[in-house]
Amino acid sequence: TQRELRNILDNPGQFAGKGFRMKPVLREGEIVGMRVTMKDASHPLARLGVQDGDIVRSLNGQELNGPESLSSIYRVLRNTSSLKFDVERNGQNQSIDVSLSE
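This structure is a prediction, so every number in the text was calculated from the model and none was measured. (Residues numbered from 1 in each chain as written. Predicted model: local features only at pLDDT ≥ 70, side-chain atom pairs only at ≥ 80, totals over all residues. Heavy atoms only, no water.)

S.K.: Quick one: what's the story with the overall build of the protein, residue by residue and with numbers?
M.R.: Regarding its fold elements, the protein presents 4 helices and 6 strands. When the helices and strands of the protein are read in sequence order from the N terminus, they spell out α-α-β-β-α-β-β-α-β-β. For 102 residues, the compact-globule estimate of 2.2 N^0.38 gives 13 Å, and the C-alpha radius of gyration of the protein, at 13 Å, lies within 12% of that figure. With the C-alpha coordinates aligned to their principal axes, the bounding extent of the protein is approximately 40 × 25 × 25 Å. Sequence separation of at least 24 residues holds for 44% of the intrachain contacts in the protein that already meet a minimum separation of 6. When the accessible surface of the protein is totalled, it reaches about 6,200 Å², and 46% of it is carbon and sulfur. (Helix = DSSP H or I, 4+ residues; strand = E, 2+ residues; numbered from the N terminus. Rg over C-alpha atoms; globule rule 2.2 N^0.38 Å. Contact = heavy atoms within 4.5 Å. Areas by Shrake-Rupley, 256 points an atom, 1.4 Å probe, with all protein chains shown as cover.)

Here it is, written out as structure tokens:
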């Protein structure tokens, strides 16, 4: 829900817990996305369709090309009703589209 997303944005420490990490992926010296590591299948990202090992390349059109991109994504996500993850999974690019309810 949008409410849950706002709670995650307001409490990033809780979101980052439970064996969750995001680490930049470098190719030819450029950050191409953030690799997701999560050990808990109940993690909010897992419930949205993101899997352990995915490289999230962009979110709602905003490229994840470094830690500074996370702050601009925060502003985009604050009041959104849908999410579009562009991920690389097992060497294949795919999109994950999610509609959020109130």
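S.K.: Go over the pattern of salt bridges with me, naming the residues and quoting the values.
M.R.: One pass over the full model with this rule turns up 3 salt bridges. Arg27 serves as the salt-bridge partner of Glu88, at 2.8 Å between the closest nitrogen and oxygen. With Glu88 in strand β5 (residues 82–89) and Arg27 in strand β1 (residues 21–27), this pair connects stretches of sequence that are 61 residues apart. On the basis of relative accessibility, which here comes to 35%, the residue Arg27 falls in the partly exposed class. Arg57 is paired through a salt bridge with Glu88; the nearest N and O atoms lie 3.1 Å apart. Taken as a pair, Arg57 in strand β3 (residues 55–59) and Glu88 in strand β5 lie far apart in primary sequence, 31 residues in all. With relative accessibility at 13%, the residue Glu88 sits in the buried group. Overlapping salt bridges, with partners in common, bring together Arg27, Arg57 and Glu88 in one network. (Salt bridge = Lys/Arg side-chain N within 4 Å of Asp/Glu carboxyl O. Buried < 20%, exposed > 50% of the residue type's maximum accessible area, 1.4 Å probe, protein only.)

S.K.: Could you give me a rundown of the pairing of strand β6 (residues 92–99), with the residues and numbers involved?
M.R.: In the sheet, β5 pairs with β6 via 8 bridges, with the strands oriented antiparallel. Residue Lys84 lies in a different strand from β6, and its bridge partner there is Asp97. In sequence, β5 turns back onto β6 through a hairpin of 2 residues, with Asn90 there showing a positive phi of about 55°. (Pairing = 2+ DSSP bridges.)

S.K.: Go over the nonpolar core, please, and point to the residues and values.
M.R.: Val50, Val56, Leu77, Leu83 and Phe85 are the most contacted members of the largest nonpolar core, which has 19 residues in total. Dropping the residues within four chain positions of it, Val50 is found in contact with Val36, Met38, Leu45, Val56, Phe85, Arg89 and Ile96. (Core = buried A, V, L, I, M, F, W, Y, C linked by side-chain atoms within 4.5 Å.)

S.K.: I'd like to hear about helix α4 (residues 67–77), residue by residue, with values.
M.R.: Turning to α4, its buried residues are Ser69, Ser72, Ile73 and Leu77. Buried positions in α4, seen along its axis, are confined to an arc of 140° and lie on one side of it. Set apart from the buried face of α4 by more than 90 degrees, the exposed residues are Pro67, Glu68 and Arg75. Where the residues of α4 are buried, they touch α1 (2–10), β3, β4 (62–63) and β5. (Arc of directions from axis to C-beta.)

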